[in-house]
Amino acid sequence: MVSKFSAPRGTADILPLTIPLWQNIEYKARSVFHLYGYKEIRTPYFEELDLFCRSMGESSDVVRKQMLHLTSQQVEDVPQEEKKGLTLRPEGTASVIRSYIENNLDKQEGLSKLFYIGPMFRGERPQKGRLRQFHQIGAEAIGPESCDPLLDAEIIALSTQILNELGLKSYQLKINSLGTSEDKQMFSRLLREQLNPLRSSLCQDCQVRFELNILRVLDCKNKSCQSLIKGLNLTDAYLSEESRQYFLEVRKALDNLKISYEISLQLVRGLDYYTHTVFEISHSQLGSQDALGAGGRYNNLVGDLGGPSVDAVGFALGIERIILAMPEDQNKPVSGSIESFLIVLDDKAIERAFCLLQDLRKERISCEMSFKPSSLKSQMRLANKLQAQYVLILGEEELTQNKISLKEMKTGQQEKIGLSEIISVLKNKKKRIDSCCGHTPAVN
Ligand code: AMP
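Note that this is a predicted model, so its numbers are computed, not measured.

**Student:** Would you explain the overall build of the protein in this entry?
**Tutor:** What the protein contains, in helices and strands, is 17 helices and 16 strands. Here the C-alpha atoms of the protein give a radius of gyration of 28 Å, more than 25% beyond the 22 Å that 2.2 N^0.38 yields for 444 residues. Taking the principal axes of its C-alpha atoms as reference, the protein extends roughly 95 × 60 × 45 Å. Classification of the 444 residues of the protein by burial places 48% in the buried group. Residue pairs at least 24 apart in sequence account for 70% of intrachain contacts in the protein once pairs closer than 6 positions are excluded. The averaged location of the 57 negative side-chain charges in the protein is 6 Å from the averaged location of its 57 positive side-chain charges.

Here is the structure:
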């Protein structure tokens, strides 16, 4: 027996019945980005490994444990610098910043507001809400004028507006400030002092984190680490006066926008590049993988990657988790309908019908037909299955009269129409439906 293939572990096919749901999410996200002046950017699905080591940090869990490498060495004409290794992108920020620098986007606009929608790849242990290929909706605002508390508040407002427009309720927004790089170092020092006596009680991973990136201990999901962390006396004493003021203004702006949030001193985000504001949006319905999205400010990354010294802020939401948290009536698979189905009852009518089928499609009226004429009953069954709004019947009688029968499926009304008029009749009906329903395209 020939063995069957299955999708790689931690990946999922998105099947036709679910595609409208994905298109709707992408369409709504795009329309919200448009409202906030963000433009789409598409970067490659793989990059040089070094880009992520330098941006996310060699000590981040993602770089240490989750990168899915490509064996580029086998490709003959790979440039020397890429021989170090290519890897599937685990997130979008580093790629967007690489592109911003490489394409001199700083010379084109003062503030670059960029968004992306696409797959990301991480070699994680798959579970509910955690995949190896997943999809993110993300944005980055980069530029010389971009270190402004209002921009931090705006990006939080933007991410929550996307969730609101998708019908998500009861999500929680947590925010914190890491301050400047110097403040962050102070935070690490204070945390090290408190954790040092408890070090041997930390989980294996946190023992490594203690050495490499101590703030990451605060992110640990391990139950015993969690209870240790709860017992710590975390304060924002590491923040400089300036950073404290900055965070106060972010909060004031969120208060003015009536966006509710909770301050979590434990929220640090595990990537090296964050400074100042960090935030995370979680949803209780998601179980252990409860983060819908996260983001924050990263003022040093563009410079660190060889670009101009400009500031930036961004976020990413996970589409699979959005779907899991959507109200049930909105995340069901839906089968789309077609406008018309052409029933042919006579072999002699096939050629004529096939030309009409193409003419209808050229006029942007969706239409299907069965190429092997069968009984009226079985073709009607097919039309019903495809949820056709109209059925067009071409039999011997119609052919001799140079007409076609048009049946409206909803009302059952049927009439004969001249073959030369059918396209304009259907176009008029479509125009009437579109204008009364205010149809929007599924994909923008
Ligand atoms: P992160 O870059 O880890 O903060 O991820 C941002 C968002 O992407 C998370 O809040 C999730 O919604 C989503 N996400 C991250 N990793 C995964 C994964 N392995 N599977 C599914 N969604 C993910």
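The structure having been displayed, the exposition proceeds.
**Student:** How should the sheet that holds strand β3 (residues 69–70) be read in this particular structure?
**Tutor:** Hydrogen bonding along the main chain pairs the strands of a sheet, whether they run parallel or antiparallel. Reading across the sheet, the three strands line up as β2-β4-β3 and stay open at both edges, with antiparallel pairing between neighbours. Single-partner strands in this sheet number two, and they are β2 (46–48) and β3. Bridge count between β3 and strand β4 (residues 86–88): two bridges; the pairing is antiparallel. Each bridged residue has a counterpart across the sheet, and for L70 the counterpart in β4 is L86. Along the sheet face, helix α2 (residues 49–56) touches β2, β3 and β4 and points at about 75° away from the line of β2.

**Student:** Even after reading the chapter, I still don't get the nonpolar core, so can you show me in this structure?
**Tutor:** In globular proteins that are soluble, nonpolar side chains generally tend to be buried together. Counting 53 residues, the largest nonpolar core has I97, I142, L191, L195, L202 and L218 as its most contacted members. With five residues, helix α5 (residues 93–102) is the single largest residue contributor to this core. Setting aside residues up to four positions removed in sequence, L202 forms contacts with L195, Q207, F210, V217, C225 and L228.

**Student:** What is the right way to look at the site of the ligand in this model?
**Tutor:** The environment of the ligand is formed by 15 residues, the closest being R122, E124, L131, R269 and L292. In the model, an oxygen atom of the ligand is placed 2.9 Å from a nitrogen or oxygen of the L292 main chain. Contact with the protein chains covers 90% of the free accessible surface of the ligand, which is 480 Å². The greatest single-element share of the shell around the ligand, amounting to four residues, is contributed by strand β10 (residues 291–297). Within the shell around the ligand, the residues separate by chemical class into six nonpolar, four polar and five charged.

**Student:** It is not clear to me how the pairing of strand β7 (residues 171–177) should be interpreted in this structure. Could you clarify?
**Tutor:** On a regular strand, each side chain points to the face opposite its neighbour's, so the side chains alternate between the two faces of the sheet. Pairing of β7 with strand β9 (residues 275–283) involves seven bridges; the strand directions are antiparallel. Within β9, the position partnered with L173 by the bridge is I281. Looking at chain direction, β7 and strand β8 (residues 262–263) are connected through two bridges and run parallel. Counted as the bridge partner of K174 is E262 from β8.

**Student:** So what exactly am I meant to see when it comes to the sheet that holds strand β6 (residues 133–143) here?
**Tutor:** If you trace the eight strands from one edge of the open sheet to the other, you get β1-β5-β6-β11-β10-β9-β7-β8, paired in mixed fashion. Looking along the sheet, the strands with just one partner apiece sit at the ends: β1 (39–40) and β8. Of the pairings in the sheet, the one linking β9 to β10 comprises six bridges and is antiparallel in character. From the neighbouring strand, S282 faces β10, where its bridge partner is A291. Its contacts with the sheet put helix α1 (residues 19–35) on β1, β5 (112–121), β6 and β11 (311–318), and the angle it makes with β6 is roughly 5°.

**Student:** What is the right way to look at the packing of α2 against α5 in this model?
**Tutor:** In helix packing, the relevant descriptors are the interaxial angle and the interaxial distance, both defined with respect to the helix axes. Here α2 crosses α5 at 105°, and the two axes come no closer than 10 Å. Taken as axis vectors, α2 and α5 run roughly perpendicular relative to one another. Contacts from L51, F52 and S55 in α2 reach A94, S95 and R98 in α5. Here the contact of α2 with α5 is composed, by residue class, of three nonpolar, two polar and one charged.

Rules used in this analysis
Residues numbered from 1 in each chain as written. Predicted model: local features only at pLDDT ≥ 70, side-chain atom pairs only at ≥ 80, totals over all residues. Heavy atoms only, no water. Helix = DSSP H or I, 4+ residues; strand = E, 2+ residues; numbered from the N terminus. Rg over C-alpha atoms; globule rule 2.2 N^0.38 Å. Buried < 20%, exposed > 50% of the residue type's maximum accessible area, 1.4 Å probe, protein only. Contact = heavy atoms within 4.5 Å. Lys, Arg positive; Asp, Glu negative; His and termini not counted. Charge placed at Lys NZ, Arg CZ, Asp CG, Glu CD. Pairing = 2+ DSSP bridges. Axes fitted to C-alpha atoms, helices over the stretch in contact; angles between N-to-C directions. Core = buried A, V, L, I, M, F, W, Y, C linked by side-chain atoms within 4.5 Å. Near = heavy atom within 4 Å. Polar contact = N/O pair within 3.5 Å; in protein donor to acceptor, adjacent residues only side chain to side chain. Areas by Shrake-Rupley, 256 points an atom, 1.4 Å probe, with all protein chains shown as cover. Nonpolar A, V, L, I, M, F, W, Y, C, P; charged D, E, K, R; others polar. Parallel < 35°, antiparallel > 145°, perpendicular 65-115°, else oblique.

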